[in-house]
Each structure stands twice: as C-alpha cells, then as structure tokens.
Amino acid sequence: MKVLAFGASNSKNSINQKLAHYAARQVKDGEVLLLDINDFEMPIYSEDREKESGVHELAHKFYNEIGDADVIVVSFAEYNGTYTSAYKNLFDWASRVDMKVFQNKPVLMLSTSPGENGAQTVLDAAKTAAPYFAANVIGAISLPSFYDNFDGENSIVTHSEFNQSLTDALSAI
Ligand SMILES: Cc1cc2nc3c(=O)[nH]c(=O)nc-3n(C[C@H](O)[C@H](O)[C@H](O)COP(=O)(O)O)c2cc1C
C-alpha cells in the first residue's frame, strides 16, 4: 500500500508536513512516500501562460505521483483562512491536467496550526470542495495548538482525541 504524504505548505519546517508524515506512518503495512511541494514550484498559474506554453510538466508530475499512490495524506496549512499560495498554485496547475486531481483515491485530510483552531477553516474548505476533485475523503481531522500536542523529539501526536479519530479514519482503508 503506497501512502503519499505531504504538507500543503512550502515552509522548510512545516508543522503540517510533520503531521502528514506522522499520520502516514500509522497506516498498517504502508510504504510511505514523502512529497515536498517545494519540488513542484511553478510560475503563478494563468490561463495566458497555459495557452502559450501548455500545462507545466511539474503539474503532470504531481498528478502522476497521486495516480501512483494508493492513499493520500495531506495536511493543510492555513494562511488568512485559506490555502497557502504555494499549494493553491500547485493545485490550480494540477487541475488543468485533469480536474479529478485526486483520481478517486482515499484521501485523509488533516490540518494544524499553532492556534486553538488548528487551521479548521481551510480544512473545511478542502473537505467541501473534495467531490469536485474526485477525492474519496476518509477523514478530515484538525490538530489544535500544534506545539502543545506534538512531541517533536519523538515525532508523535500526544492529543488522544486526534489519535482516536486518526485510527478510526484509517480503519476505512
Ligand atoms: C501569511 C500568514 C497567514 C496566516 N494565517 C493563519 C490563519 O488564518 N489561521 C491560522 O491558524 N494560522 C495562520 N497563520 C499561522 C500558520 O498557521 C503557521 O505559520 C503555521 O506554522 C503554518 O503551517 P506550516 O508550518 O505547515 O507552514 C498564518 C501565517 C502566515 C505566515
């Protein structure tokens, strides 16, 4: 079972990347593949650019990485109540390969932030939009107050409610 995990953030020390990696490691018999969206940085999407040069090759590469996986684990960072520009740009490009970006794969959606809300707003937006992009959402779980609930030394979540929700979501695979 190939588990593709990434944080929807371009920060080098992304807490969402850490959370996605942690969750992916909990998949039973999973082979975890970690993706860094910095490896998919492209010019800002525009219809004019697409008309001039076609869909960027990195968009195809990202789309194919999803296609090769059995399960996707993505954790959304929240900037001003929505996606980071880095993820939104990648997603816009990928949606031009095919709007069904998630290709009917099981997708575990997560989010976290240093605040109590745990980036719930962007998670809700991603979950609501999921059917348009052929994401089979098996769970949408937010971890509040990341630095209080993540043991950085051992790279584990210590929030029992989150861990229970994670176990429940992964049992659907
Ligand atoms: C431009 C900007 C906007 C932000 N807006 C929000 C926000 O709306 N909600 C929130 O919970 N945190 C917000 N934050 C704080 C982020 O949650 C925090 O930087 C977090 O570490 C981002 O996740 P990452 O480490 O995975 O990149 C914002 C941070 C920046 C730089």
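Residues numbered from 1 in each chain as written. Predicted model: local features only at pLDDT ≥ 70, side-chain atom pairs only at ≥ 80, totals over all residues. Heavy atoms only, no water.

**Student:** In this structure, what is going on with the pairing of strand β4 (residues 106–112)? I would like to understand it.
**Tutor:** Walk down a regular strand and you will see the side chains alternate between the two sheet faces. Of all seven residues in β4, seven are buried; the element is thus mostly enclosed. Residues Pro106, Leu108, Leu110 and Thr112 line one face of β4 and the alternating positions Val107, Met109 and Ser111 line the opposite face, and both faces are buried. In the sheet, strand β3 (residues 71–76) pairs with β4 via five bridges, with the strands oriented parallel. Pairing of Ser75 across the sheet is with Leu110, part of β4. For the handedness criterion, the β-α-β arrangement of β3, helix α4 (residues 85–97) and β4 is classed as right-handed. Crossover connection from β4 via helix α5 (residues 120–129) to parallel strand β5 (residues 136–143): handedness right-handed. (Buried < 20%, exposed > 50% of the residue type's maximum accessible area, 1.4 Å probe, protein only. Helix = DSSP H or I, 4+ residues; strand = E, 2+ residues; numbered from the N terminus. Pairing = 2+ DSSP bridges. Right-handed = clockwise from strand over helix to strand, strands pointing away.)

**Student:** It is not clear to me how the side chain of Ser9 should be interpreted in this structure. Could you clarify?
**Tutor:** The residue Ser9 is located in the loop between β1 (2–8) and α1 (15–25) in this model. With a relative accessible area of 6%, Ser9 lands in the buried category. Engagement of the side chain of Ser9 in a polar contact is seen with the backbone nitrogen of Ser11, the distance being 3.0 Å. With sequence-adjacent residues up to four places away left out, Ser9 is seen in contact with Ser14, Ile37, Ala77 and Thr84. (Polar contact = N/O pair within 3.5 Å; in protein donor to acceptor, adjacent residues only side chain to side chain. Contact = heavy atoms within 4.5 Å.)

**Student:** Mind showing me how you'd approach the sheet that holds strand β2 (residues 31–34) here?
**Tutor:** The strands making up a sheet are joined through hydrogen bonds of the backbone, oriented either antiparallel or parallel. On the basis of which strands lie adjacent, the open sheet formed by five strands has the order β2-β1-β3-β4-β5 and parallel pairing. At either end of the open sheet lies a strand with only one pairing partner, and these are β2 and β5. Between one strand and the next, the sheet's axes are offset by a mean angle of 20 degrees, whatever the strand orientation. Of the strand pairs in this sheet, β4 and β5 are connected by seven bridges, and their pairing is parallel. Across the sheet, the residue bridging to Leu108 is Gly139, located in β5. Most of the contacts of helix α7 (residues 160–170) go to β5, to which it runs at about 175 degrees, and overall it touches β4 and β5. (Axes fitted to C-alpha atoms, helices over the stretch in contact; angles between N-to-C directions.)

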